[in-house]
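So the chains spell out like this:
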Amino acid sequence: MNPGVTKPALELAGVKKSFGNTEIIRGVDLAIPKGERHALIGPNGAGKSTLFNLMSGRFPVSAGAIRLDGEDITGLKPFQINRRGLSRSFQITNIFHNLSVFENLRCAVLWALGYKYSFWHRLDSLADARRRAEEVLLAIGLESRRARPAGLLTYAEQRALEIGITIAGGAGVVLLDEPTAGMSRSETAHVVELVRSVTEGKTLLMVEHDMGVVFNLADRISVLVYGEVIATGTPEEIRANSAVQEAYLGGLHKEESGPEESHA
Amino acid sequence: MRYQPLNLGRWIIWGFTALLMIVLPLVFKSGFAITLISQMGIAIIFTLSYNMLLGQGGMLSFGHAVYSGLGAYIAVHALNMASKGQLWMPLSLLPLVGGLAGAFFGVIFGYVTTKRAGTTFAMITLGIGELVFNCSLMFPGFFGGEGGITTNRVFGEPFLGINFGPAIQVYYLIAVWCLLSMALMYAWSHTPLGRIANAVRDNPERAEFVGYDTQKVRWLTLIISAFFAGVAGGLACITFEIVTAENVSAVRSGGVLLAAFIGGVGFFFGPIIGACLFVYFVVALADHTKAWLLYLGLFFMAMVMFAPGGIASLIMMQFPVIARSRFKELVPHYARTGATGLLVLAALVLTVEMTYKVSVDSANGTMMKMFGVAFDAAGVVPWAIAIGLWIVGGLLFDKARKRLAHAWGEIQADIAGARS
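Everything numeric in this text was worked out from a predicted model, so none of it was measured.

### Looking at the overall build of chain B
For chain B, the helix and strand inventory stands at 16 helices and four strands. Relative to the globule expectation of 22 Å for 420 residues, the C-alpha radius of gyration of chain B, 24 Å, shows essentially globular dimensions. A principal-axis box enclosing the C-alpha atoms of chain B has dimensions of 65 × 65 × 45 Å. In chain B, which comprises 420 residues, the share counted as buried stands at 41%. Restricting the contact set of chain B to residue pairs at least 6 apart, pairs at least 24 apart contribute 78%.

Put into structure tokens, the structure is as follows:
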């Protein structure tokens, strides 16, 4: 592993999660150093989304500890974890449907800018909130959709907004849950560039099924199979790892070898 | 700046509203009209405060009268103390006392109700509503038992000749508070908390993941909403000079829900329209017919079924059509549908009124007068006319309605086509 002098941005120690008698996460240890882009891969039902839900506070862990920048965040509520600098996206689009695209983004920056529950500021007079929302709007390429209710966007646009809401608050650790799910090849290429640019200088952990995207973006990869991390390493190490090939990657990698090379 | 023209329109609308409030009692001078518009002013504040919960925050409350009612009770006690000289307070500030009382109970009850959203929230508000209503019978010292607490709003020396004795002076007091409350509630909807309340309404989970404690957002929203409900309660206390258990009852809580829904919860001005219509139903229609509650119920049902967005959404739907200068094509359709709708309405009113006459009201004989014609409700001819009206009106209305729907659909298709 990587025993650097600085504390990892995100660290999981012996994390377990059971639903009833079923143990979904069976003791995960993971340390992601600051500034790394890390991909979490694994077959369906391996527990990738569950792990995201544990890290972001959506579900409580059954055992183990989760640390953000060395501080224990185990058992905190989602909003507390978010305030400490961890933000996440969802596999199933999770936006504010009746609010305009711009308002979606502005909502996502208000807490981080310190406006909290204010009812004594006029929203439109908050230049910093507007500027930050405009920046993200530009970054995710939805300027032309600014005033449209988010519920009326196309699927790809909603996915872009999902990423926008996630990064708008400026969290240092970003979790993206299948950012390219259900997208065409050209849309996927676009999202890869988007993710690359908006996570510049941040710590990224993403769940992704598209191996092209994974090998393109990730500095390191962890493979989760049946609730356990069976391997962690650079893309080359993962590709060469026989256990990974056996358990998971072999078949899929062949299928997905096309887009991996096609991206330039 | 891109927001400039909108702001100008806003100033015009607010200016016009203020002007309307000033001029209305000068045009309609009768005591009844003053009573009517005074109650409308109070209802506007109450309904808008309710819509902070329902429309803006996505909280369906069945117990909002708790806050206006308890605000009114505190206000009536404060008023009685003031008139005895135990408390210095000008009457014009009594609504503030009601508001602070409402907010105080919002802090207490809201802490419990806003723990959860959705159905659970609705159920708990229902429970709190019943609890407070029952307290009103258990603590007659504070609530005044069946008779309620009475008061006299005129006390002390008149200030600049104003002692709030005449109803018109009370009306202007209501108008000032109403305008102020409307402006403040509108402003609230454009603050960080107001916008986050919308976000929590749309998607509470996502709001948690952008740093917001949704429970606290709901709680704060409810406290502010309860403040304005209390202001309405304080004004009601001044207007009626009596506060009874009815002020905290489920009937009041249901009424404000009806009013907000009829007006339209999706737009800020919707509840204003709803409040005025509701008061008209309750005050004016009740003067004309015993069946007013039936008409209100039918009207509410019709709105829920055919215009779930309320009157506000019906109005807002017209703007894209007007913007493309296609509204004039719809005018004849609206006129036809409206006219035939009136026939159906006449059939309904005739049937309902005759039924009331021969059943509930038969002790006074069956002779009655409607549309300026005297007739015997037990006779065959009026019933035959009613049935005829139903059939002819129904058929014509149905035809007009279908033609309107067709014309509307064509225009919408053109608009959609032009957009893409």
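After that view, the rundown keeps rolling.
### Notes on the interface of chain B and chain A
With 25 residues of chain B at the contact, the number on the chain A side is 31 residues. Mapped by element, the contributors of at least two residues to the side of chain B that touches chain A are helix H8 (192-202), helix H9 (204-208) and helix H10 (214-240) of chain B. The element best represented in the side of chain B that touches chain A is H8 of chain B, accounting for eight residues. The residue makeup of the side of chain B that touches chain A, split by class, is 12 nonpolar, six polar and seven charged.

### Section: the sheet that holds strand S6 (residues 86-88) of chain A
Residue and element names in this part refer to chain A. The six strands are arranged S6-S7-S8-S3-S9-S10 in an open sheet whose pairing can be described as mixed. Of all the strands in the sheet, just S6 and strand S10 (228-233) have a single pairing partner and so form its edges. Pairwise comparison of adjacent strand axes, ignoring direction, gives a mean angle of 15 degrees for this sheet. In the packing of helix H1 (residues 48-55) onto the sheet, the strands contacted are strand S3 (37-41), S6, strand S7 (173-177), strand S8 (203-207) and strand S9 (220-225), and the crossing angle to S7 comes to about 150 degrees.

### Examining the pairing of strand S1 (residues 10-19) of chain A
All names here are of chain A. In this sheet, strand S4 (residues 63-68) lies alongside S1 in antiparallel orientation, the contact comprising five bridges. In the strand pairing of S4, Leu-12 is matched with Ile-66. In sequence, S1 turns back onto strand S2 (residues 22-32) through a hairpin of two residues, with Gly-20 there showing a positive phi of about 65 degrees.

### Description of the confidence of the model for chain A
With 92% of its residues at a pLDDT of 70 or more, chain A shows a mean pLDDT of 90. Across residues 253-264 of chain A, confidence stays below pLDDT 50; counting only partners more than four residues off in sequence or on other chains, it has 15 contacts.

### Quick notes on the confidence of the model for chain B
All names here are of chain B. For chain B, the mean per-residue pLDDT works out to 93, and 98% of the residues sit at or above 70. Across chain B, the secondary-structure element scoring lowest on mean pLDDT is strand S3 (residues 367-370), at 83, and the one scoring highest is H10, at 98. Under a pLDDT of 50 for its full length, residues 1-5 has, in the predicted model, one contact with residues more than four places off or in other chains. Both confidence scores are given for the complex: pTM 0.91, ipTM 0.89.

### Some thoughts on the packing of helix H2 (residues 31-56) of chain B against H10 of chain B
All names here are of chain B. In the contact formed by H2 and H10, the axes pass within 8 Å of each other and the chain directions differ by 165 degrees. When the interaxial angle is binned, H2 and H10 end up roughly antiparallel. Judged by the twist between their axes, the crossing of H2 over H10 is left-handed. From H2, Ser-38, Ile-42, Ile-45, Phe-46, Leu-48, Ser-49, Met-52 and Leu-53 reach across to H10, where they touch Thr-221, Leu-222, Ile-224, Ser-225, Phe-228, Ala-229, Val-231, Ala-232, Leu-235, Ala-236 and Thr-239.

### Regarding the environment of Val-265 of chain B
Residues and elements named next belong to chain B. Looking at the secondary structure, you find Val-265 in the loop between helix H11 (250-263) and helix H12 (270-288). On the neighbour-count criterion, Val-265 (26 C-beta atoms within 10 Å) is buried. Separated by 62 residues in the primary sequence, Val-265 and Phe-327 have C-alpha atoms spaced 25 Å apart. The residues contacting Val-265, other than those within four sequence positions of it, are Asn-51, Leu-54, Gly-55, Ala-260, Gly-270 and Gly-310.

### Here's the deal with the pairing of S2 of chain A
Along a regular strand, successive side chains alternate from one face of the sheet to the other. Bridge analysis of S1 of chain A against S2 of chain A gives eight bridges, and the strand direction is antiparallel. Directly across from Leu-12 of chain A, in S2 of chain A, lies its bridge partner Leu-30 of chain A.

### Re unusual backbone geometry
Of note, Asp-69 of chain A is a non-glycine position whose phi angle comes to about 50 degrees, a positive value. With respect to the element layout, Asp-69 of chain A can be found in the loop between S4 and strand S5 (71-72). Accessibility expressed as a C-beta count within 10 Å gives 18 for Asp-69 of chain A, which makes it partly exposed. One non-glycine residue, Phe-164 of chain B, adopts positive backbone phi at about 60 degrees. Examined against the element boundaries, Phe-164 of chain B turns out to sit in the loop between strand S1 (149-150) and helix H7 (167-188). Note on Phe-164 of chain B: 20 C-beta atoms within 10 Å, which makes it buried.

### Focus on the domain arrangement of chain B
All names here are of chain B. Split by domain assignment, chain B resolves into domain 1 (4-294) and domain 2 (324-419). A C-alpha centroid distance of 34 Å is found between domain 1 and domain 2. The interface of domain 1 with domain 2 comprises four residues on the first partner and four residues on the second. Across the side of domain 1 that touches domain 2, the residue classes tally to two nonpolar, one polar and one charged.

### Let's talk about the environment of Gly-127 of chain B
Residues and elements named next belong to chain B. By the secondary structure assignment, Gly-127 is in helix H5 (residues 118-138). By C-beta crowding, Gly-127 is classed as partly exposed, having 14 other C-beta atoms within 10 Å. When the C-alpha positions of Gly-127 and Gly-365 are compared, they lie 44 Å apart, and in sequence the two are 238 residues distant.

### Some remarks on the sheet that holds S4 of chain A
All names here are of chain A. Spatially, the four strands line up as an open sheet ordered S2-S1-S4-S5, and their pairing is antiparallel. One side of each edge strand has no neighbouring strand; the edge strands of this open sheet are S2 and S5. Strand contacts of H1: S1, S2 and S4, with the helix running at about 65 degrees to S2, the strand carrying the most contacts.

### Observations concerning the nonpolar core
The biggest cluster of nonpolar side chains holds 173 residues, and the ones touching the most others in it are Leu-105 of chain A together with Ile-45, Ala-75 and Ile-196 of chain B. Tallying contributions element by element places H10 of chain B first for this core, with 16 residues. Residue contacts for Ile-196 of chain B: discarding those within four places in its chain leaves Cys-107 and Leu-110 of chain A together with Ala-207, Tyr-212 and Val-217 of chain B. Counting residues in hydrophobic clusters, the runner-up holds five residues, among them Ala-347, Leu-350, Ala-377 and Ala-386 of chain B.

### Some thoughts on the environment of Thr-150 of chain B
Within the secondary structure layout, Thr-150 of chain B lies in strand S1. Not counting the four nearest positions on each side in its chain, Thr-150 of chain B is found in contact with Glu-241 and Ile-242 of chain B.

### Section: the packing of H12 of chain B against helix H13 (residues 292-306) of chain B
Residue and element names in this part refer to chain B. With their axes 9 Å apart at the nearest point, H12 and H13 run at an angle of 140 degrees to one another. The angle between the axes of H12 and H13 places the two elements in the oblique class. Our pair here, H12 against H13, has a crossing hand that is right-handed. Between H12 and H13, the residues in contact are Phe-281, Leu-285 and Ala-286 and Trp-292, Tyr-295 and Leu-296, respectively. Per-class residue counts for the contact of H12 with H13 are six nonpolar, no polar and no charged.

Definitions and limits used
- Each chain carries its own residue numbering, running from 1 in the written order of its sequence.
- Both sets of labels track the order of writing: A upward for chains, 1 upward for ligands.
- In view of the model being predicted, local features appear only for residues whose pLDDT reaches at least 70, and side-chain atom pairs are presented and counted only at 80 or more, with totals across whole chains, interfaces and linings using the full set of residues.
- Each helix corresponds to a stretch of at least 4 residues labelled H or I by DSSP, and each strand to a stretch of at least 2 residues labelled E; elements are numbered beginning at the N terminus.
- Based on C-alpha atoms, the radius of gyration is set beside the globule rule, defined as 2.2 Å times the residue count to the power 0.38.
- Here a residue counts as buried when 20 or more other C-beta atoms fall within 10 Å of its C-beta, as exposed when 12 or fewer do, and as partly exposed in between; the C-beta atoms come from the backbone.
- Residues are scored as being in contact if the C-beta atoms we place from backbone atoms lie within 7 Å.
- For this classification, Asp, Glu, Lys and Arg are treated as charged, while Ala, Val, Leu, Ile, Met, Phe, Trp, Tyr, Cys and Pro are nonpolar and the rest, including Gly, are polar.
- Whether two strands pair depends on DSSP finding at least two bridges between them.
- Working convention: axes come from line fits to C-alpha atoms, limited for helices to the stretch in contact. Angles between N-to-C directions cover 0 to 180 degrees.
- Note on scores: pLDDT gives the predictor's confidence for each residue, bounded by 0 and 100.
- An angle below 35 degrees is treated as roughly parallel, one above 145 as roughly antiparallel, one from 65 to 115 as roughly perpendicular, and anything else as oblique.
- Two helices cross in a left-handed way if the nearer one is turned anticlockwise from the farther one by less than a right angle. They cross in a right-handed way if the turn is clockwise.
- What fixes the domain bounds is an automatic or database domain assignment.
- When buried Ala, Val, Leu, Ile, Met, Phe, Trp, Tyr and Cys residues are joined through C-beta atoms within 7 Å, the set is termed a nonpolar core.

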